[in-house]
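Here's the letter readout for the chains.
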There are 2 protein chains.
Amino acid sequence: MPPQKPLSIALIGVGGVGTAFLSQLAHLQSHLRAKNKTDIRLVLIRRSNAQILESSWRGLDIGTAVKQLEDQRSSGGKLLGFEETCVHLATAPGQVVLVDCTSDPQIAGAYPGVLKKGISIVTPNKKAFSSSFSDWQEIFSIAANGPNAGEREKGHGFIFHESTVGAGLPVLSTLTELIETGDEVTKIEGVFSGTMSFLFNSFNPVAGGGGSFSAEVGKAKELGYTEPDPRDDLNGLDVARKLTILARLTGLPIESPTSFAVQSLIPKELESCASADEFMEKLGEFDSRMDDLKASATASGKVIRFVGSIDVGKGEVKVGLEEFEKSHPIAALKGSDNIINFYTKRYGSNPLIIQGAGAGAEVTAMGVTGDLLRVIRLLK
Amino acid sequence: MPPQKPLSIALIGVGGVGTAFLSQLAHLQSHLRAKNKTDIRLVLIRRSNAQILESSWRGLDIGTAVKQLEDQRSSGGKLLGFEETCVHLATAPGQVVLVDCTSDPQIAGAYPGVLKKGISIVTPNKKAFSSSFSDWQEIFSIAANGPNAGEREKGHGFIFHESTVGAGLPVLSTLTELIETGDEVTKIEGVFSGTMSFLFNSFNPVAGGGGSFSAEVGKAKELGYTEPDPRDDLNGLDVARKLTILARLTGLPIESPTSFAVQSLIPKELESCASADEFMEKLGEFDSRMDDLKASATASGKVIRFVGSIDVGKGEVKVGLEEFEKSHPIAALKGSDNIINFYTKRYGSNPLIIQGAGAGAEVTAMGVTGDLLRVIRLLK
């Protein structure tokens with residue numbers, strides 16, 4: 001039997017996704033150890049106000065790591081800076097993978113330096129991939145799996161971010177395979193937000209009916225389907241970030257998620273609301289606008305959905321409301337599911353479709369764990 | 001720049017899929033050469049009655065390889081045996097990948113020996129994976145990516161077969177990732193045959209109508225959607241083979257594709273027909289049976305579809321006709337598309353769905369090329 005190869009995992013962010021990732025990591029650790037393959041060790045766990053760096057590199061107990069971090073926090077003390085922490089991490093024996101389960105733009109900003117240290121990155125954090133195009137270019141010019149050859153030979157790390165679009169659904173891996181095997185992707189269209197999916201499946205169901213738009217937003221908020229401030233969903237920026245990532249993967253040099261047409265569902269008159277509460281209180285005054293859109297779609301036998309689309313040939317990216325025939329897979333979506341349609345030369349008139357839950361801690365963590373498996377295979 | 005790593009490709013079978021694969025291989029070759037990465041060389045092209053083994057290992061011109069093979073055939077001569085050819089292949093510099101684009105059970109039977117020689121295999125040939133369970137176990141006990149550790153260290157090859165289910169759709173890779181990341185797959189259900197999809201979408205459309213069953217079979221045959229002998233589709237064995245593969249991947253020890261309930265759509269009375277023509281002539285006499293099934297489904301607002309399903313917990317595999325609500329994604333399928341629903345603990349009540357063309361030379365070859373990319377990454 002060959003000796004087990006040590007692989008050090010550094011986790012930042014222990015909210016819902018980070019915690020779900022730890023439980024999947026524990027499963028993977030015992031699975032790989034039983035087969036005498038990679039020896040996974042959790043060497044860092046960090047949140048905004050505390051961290052444990054296990055600098056003997058033997059690894060923390062994954063099952064109790066969050067509890068240990070809680071105790072650490074209550075003991076106080078100054079937090080080591082993230083960059084300095086990475087300098088330590090780079091001295092671990094064997095390979096190191098940083099798992100960024102935050103949505104922190106500052107951590108994202110540090111990726112180029114992390115990759116140059118030979119540390120690989122897997123993350124559901126959209127910030128690094130959906131901000132300025134120069135950030136994207138820098139990351140992939142450095143990463144060992146970027147389009148430039150030879151970076152691995154320089155000792156750089158790999159980077160994967162499947163969960164930045166559609167959570168654990170195989171969206172980025174499928175798009176990448178279509179492109180790598182020489183297919184021509186002509187159009188991508190879909191529902192990329194669990195919140196928007198739930199809202200429009202309730203507001204304008206195929207079977208008819210549905211409450212007022214403000215009532216549905218209120219219901220979605222109560223059920224936990226929206227961000228604490230629903231305006232963070234309704235402004236369309238989350239969808240725009242996902243479209244930015246997909247469009248860049250098809251080769252389009254999208255400057256930023258605000259450099260194309262994004263329809264906000266926040267009425268202009270409410271843009272200056274001071275609080276989420278004030279916004280929710282006043283949203284009902286504008287229900288007639290959404291009712292009109294629904295009525296107009298109904299008149300032509302259609303329903304409205306909040307979608308994103310990329311016309312690759314024209315280089316056009318759009319985010320906003322569109323009407324769909326009731327028999328269209330986008331109209332027939334259920335609950336808070338996402339759906340992504342890839343139209344390609346090879347697949348012809350019927351797209352390749354990926355559909356399912358596109359949000360939630362467990363499925364998001366699954367995308368991260370899947371990326372970790374990809375890195376493990378590449379690091380052999 | 002690091003030196004290019006040579007990778008020798010040996011293709012058997014130059015029908016529709018083999019030819020489409022060659023064109024994708026040409027694309028991949030120039031892509032990888034341009035980046036100074038892997039240097040792909042086509043060193044063998046073989047059909048049942050001729051082959052060219054380019055034993056200087058510099059590689060054939062991919063664009064004219066089929067033409068060269070045609071010329072070879074007309075020149076006659078005795079064909080070197082497959083096993084003997086593999087002995088030669090194993091002496092190529094660098095790694096070798098066998099691309100089996102036949103549906104030949106004899107080639108499939110040779111896989112264990114090929115893998116032991118260190119040659120990796122990528123294939124859409126279902127035979128090796130859907131025949132006896134002991135064949136399956138033997139292959140994966142030898143393959144470097146099987147569940148046993150250490151086989152790579154013995155110099156064994158890798159094996160991938162994405163295209164054996166749903167052609168180029170990411171079906172096996174998605175199922176594998178669900179399992180590897182620790183999800184619990186509870187049920188798999190779907191339409192796994194482009195022929196059956198087309199037949200029932202035409203015979204029993206959601207919108208109502210549709211011709212008689214025998215007329216629809218005739219139409220499908222004319223349009224090239226069926227095998228030359230439509231009984232090869234209607235007996236359900238093709239679907240049963242795919243279900244066998246999926247069920248085995250979930251861990252069920254399925255003995256063979258005939259060891260579970262498979263509904264054949266060939267009327268008992270016509271099982272003894274001597275020819276496809278005789279069968280097609282007489283099929284209309286049994287149309288009332290299918291009409292009755294359609295009427296009964298219609299009465300409860302449903303449609304009938306030919307599906308396969310695996311209840312993982314109960315260890316039950318079934319292939320045959322089922323009724324579905326008109327709003328169900330399986331009912332709403334279009335054309336000859338496949339749809340695969342993965343029900344898992346993590347995804348909850350709404351399944352993870354993969355949908356799109358599940359047959360055709362181009363998309364089948366795409367799955368093979370995608371597998372080749374997987375092998376290239378692992379061979380680094």
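Note that the coordinates shown come from a computational prediction; the quantities given were computed from them, not determined experimentally.

**Comments concerning the overall build of chain A**
Okay, step 1: Helix and strand counts for chain A stand at 15 helices and 12 strands.
Okay, step 2: Taken against the 2.2 N^0.38 rule, which gives 21 Å for 380 residues, the C-alpha radius of gyration of chain A at 22 Å falls within 12% of a compact globule.
Okay, step 3: For chain A, the spread of C-alpha atoms along the three principal axes comes to 70 × 50 × 40 Å.
Okay, step 4: Burial status across chain A gives 55% buried among its 380 residues.
Okay, step 5: When the accessible area of chain A is evaluated, it comes to approximately 14800 Å², of which 51% is carbon and sulfur surface.
Okay, step 6: One finds the centroid of the 39 positive side-chain charges in chain A at a distance of 6 Å from the centroid of its 44 negative side-chain charges.

**Quick notes on the confidence of the model for chain A**
Okay, step 1: Confidence along chain A averages 94 in pLDDT terms, with 97% of residues attaining 70 or more.
Okay, step 2: Confidence metrics for the complex model read pTM 0.96 and ipTM 0.95.

**Quick look at the pattern of salt bridges**
Side-chain pairs of opposite charge can arise where the charged atoms are in close proximity.
Okay, step 1: Per the counting criterion, the structure on display carries 32 salt bridges over all chains.
Okay, step 2: Between A:Asp229 and A:Arg231 there is a salt bridge, with its nearest N and O atoms 2.8 Å apart. Across the pair, A:Arg231 and A:Asp229 agree in class, each one buried.
Okay, step 3: Note that B:Arg289 is salt-bridged to B:Glu269, the shortest N-O span being 2.6 Å. On the criterion of sequence distance, the pair formed by B:Arg289 in helix 14 (residues 287-299) and B:Glu269 in the loop between strand 8 (261-262) and helix 13 (276-283) is long-range, its members being 20 residues apart.
Okay, step 4: Within this structure, A:Arg33, A:Asp39 and A:Arg41 form a network of salt bridges that share partners.

**Digging into the packing of aromatic side chains**
Residues and elements named next belong to chain A.
Okay, step 1: Under the defined criterion, the tally for this structure stands at 16 aromatic pairs over all chains.
Okay, step 2: When the centroid spacing of 6.5 Å and the interplanar angle of 85 degrees are considered together, the rings of Phe-129 and Trp-136 count as edge-to-face. Comparing Phe-129 with Trp-136 shows no difference in burial state: the two are buried.
Okay, step 3: With a centroid separation of 6.1 Å and an interplanar angle of 85 degrees, the aromatic rings of Phe-200 and Phe-203 are classed as edge-to-face. You can see Phe-200 and its partner Phe-203 sitting in helix 9 (residues 194-203), 3 residues apart, about one turn around the helix.

**Thoughts on the sheet that holds strand 5 (residues 120-122) of chain A**
Residue and element names in this part refer to chain A.
Okay, step 1: Taken together, the 6 strands give an open sheet; going across it, the order is 3-2-1-4-5-6, and neighbouring strands pair in mixed fashion. The open sheet has two edge strands, strand 3 (50-53) and strand 6 (159-160), and neither has a second partner.
Okay, step 2: Across 7 bridges, strand 1 (residues 6-12) lies against strand 2 (residues 39-47) in parallel orientation. Bridge assignment links Pro-6 to a residue of strand 2, and that residue is Asp-39.
Okay, step 3: Across the face of the sheet, helix 15 (residues 361-379) comes into contact with strand 1, strand 2, strand 4 (95-100), strand 5 and strand 6 while running at roughly 155 degrees to strand 5.

**Some remarks on the sheet that holds strand 1 (residues 6-12) of chain B**
Residue and element names in this part refer to chain B.
Okay, step 1: Overall, mixed pairing links the 6 strands, which are arranged 3-2-1-4-5-6 in an open sheet. Here the strands that pair on one side only, and so sit at the sheet edges, are strand 3 (50-53) and strand 6 (159-160).
Okay, step 2: Lying over the sheet, helix 3 (residues 82-89) contacts strand 1, strand 2 (39-47), strand 3 and strand 4 (95-100), oriented at roughly 165 degrees with respect to strand 2.

**Here's the deal with the pairing of strand 11 (residues 337-344) of chain A**
Residue and element names in this part refer to chain A.
Okay, step 1: Counting buried residues in strand 11 gives 8 out of 8 residues, a clear majority hidden from the surface.
Okay, step 2: Covered by surrounding structure in strand 11 are Asp-337, Ile-339, Asn-341 and Tyr-343 together with Asn-338, Ile-340, Phe-342 and Thr-344, the residues of both alternating faces.
Okay, step 3: Summarising the sheet, strand 11 and strand 12 (residues 352-357) pair through 6 bridges and their orientation is antiparallel. Within the sheet, the bridge partner assigned to Ile-340 lies in strand 12 and is Ile-354.

**Side note on the interface of chain B and chain A**
Okay, step 1: Taken residue by residue, the interface counts 44 residues in chain B and 44 residues in chain A.
Okay, step 2: Of the roughly 3800 Å² buried between chain B and chain A, counting both surfaces, carbon and sulfur atoms make up 56%.
Okay, step 3: The partner of A:Arg346 in a salt bridge is B:Glu362, and the shortest N-O contact between them spans 3.6 Å.
Okay, step 4: Taken together, the links from chain B to chain A amount to 10 residue pairs in polar contact (both at pLDDT 80 or more).
Okay, step 5: Elements that contribute at least two residues to the side of chain B that touches chain A include exactly helix 1 (16-34), helix 8 (172-180), strand 12 (352-357) and helix 15 (361-379) of chain B.
Okay, step 6: At 9 residues, helix 15 of chain B tops the list of elements feeding residues into the side of chain B that touches chain A.
Okay, step 7: Each residue belonging to the side of chain B that touches chain A can be placed in one class, and the counts come to 18 nonpolar, 14 polar and 12 charged.
Okay, step 8: Here strand 12 of chain A pairs with strand 12 of chain B via 3 bridges, running antiparallel.

**Quick notes on helix 9 of chain A**
All names here are of chain A.
Okay, step 1: With 10 of 10 residues buried, helix 9 lies mostly within the body of the structure.
Okay, step 2: Of the residues making up helix 9, those classed as buried are Gly-194, Thr-195, Met-196, Ser-197, Phe-198, Leu-199, Phe-200, Asn-201, Ser-202 and Phe-203.
Okay, step 3: The distance from a side-chain oxygen at the start of helix 9 to the backbone nitrogen of Thr-195 is 3.3 Å, and the residue carrying that oxygen is Ser-193.

**Digging into the side chain of A:Ser193**
Residues and elements named next belong to chain A.
Okay, step 1: Following the sequence through the fold, Ser-193 ends up in the loop between strand 7 (185-191) and helix 9.
Okay, step 2: Under the relative-accessibility criterion, Ser-193 is labelled buried at 6%.
Okay, step 3: There is a polar contact of 2.9 Å between the side chain of Ser-193 and the backbone nitrogen of Met-196.
Okay, step 4: Once residues within four sequence positions are removed from consideration, Ser-193 is found in contact with Asp-238, Val-239, Lys-242 and Asn-338.

**Some words on the nonpolar core**
Okay, step 1: Grouped together as the largest cluster of nonpolar side chains are 160 residues, with contacts concentrated most on A:Phe200 and B:Phe200.
Okay, step 2: Dropping the residues within four chain positions of it, B:Phe200 is found in contact with B:Pro205, B:Phe213, B:Leu265, B:Met290, B:Ile304, B:Arg305, B:Phe306 and B:Leu321.

**Notes on unusual backbone geometry**
Okay, step 1: With phi around 50 degrees, A:Ala167 is a residue other than glycine that occupies positive phi space.
Okay, step 2: Relative to the helices and strands, A:Ala167 is located in the loop between strand 6 and helix 8 (171-180).
Okay, step 3: Judged by its relative accessible area of 3%, A:Ala167 falls in the buried class.
Okay, step 4: The phi dihedral of B:Trp57 is positive, around 65 degrees, even though this residue is not glycine.
Okay, step 5: Relative to the elements of secondary structure, B:Trp57 occurs in the loop between strand 3 and helix 2 (65-74).

Cut-offs and rules
Residues numbered from 1 in each chain as written. Chains lettered and ligands numbered in written order. Predicted model: local features only at pLDDT ≥ 70, side-chain atom pairs only at ≥ 80, totals over all residues. Heavy atoms only, no water. Helix = DSSP H or I, 4+ residues; strand = E, 2+ residues; numbered from the N terminus. Rg over C-alpha atoms; globule rule 2.2 N^0.38 Å. Buried < 20%, exposed > 50% of the residue type's maximum accessible area, 1.4 Å probe, protein only. Areas by Shrake-Rupley, 256 points an atom, 1.4 Å probe, with all protein chains shown as cover. Lys, Arg positive; Asp, Glu negative; His and termini not counted. Charge placed at Lys NZ, Arg CZ, Asp CG, Glu CD. pLDDT = per-residue confidence, 0-100. Salt bridge = Lys/Arg side-chain N within 4 Å of Asp/Glu carboxyl O. Phe/Tyr/Trp six-rings, centres within 6.5 Å; stacked < 30°, edge-to-face > 60°. Pairing = 2+ DSSP bridges. Contact = heavy atoms within 4.5 Å. Axes fitted to C-alpha atoms, helices over the stretch in contact; angles between N-to-C directions. Buried area = accessible area lost by both parts, 1.4 Å probe. Polar contact = N/O pair within 3.5 Å; in protein donor to acceptor, adjacent residues only side chain to side chain. Nonpolar A, V, L, I, M, F, W, Y, C, P; charged D, E, K, R; others polar. Core = buried A, V, L, I, M, F, W, Y, C linked by side-chain atoms within 4.5 Å.

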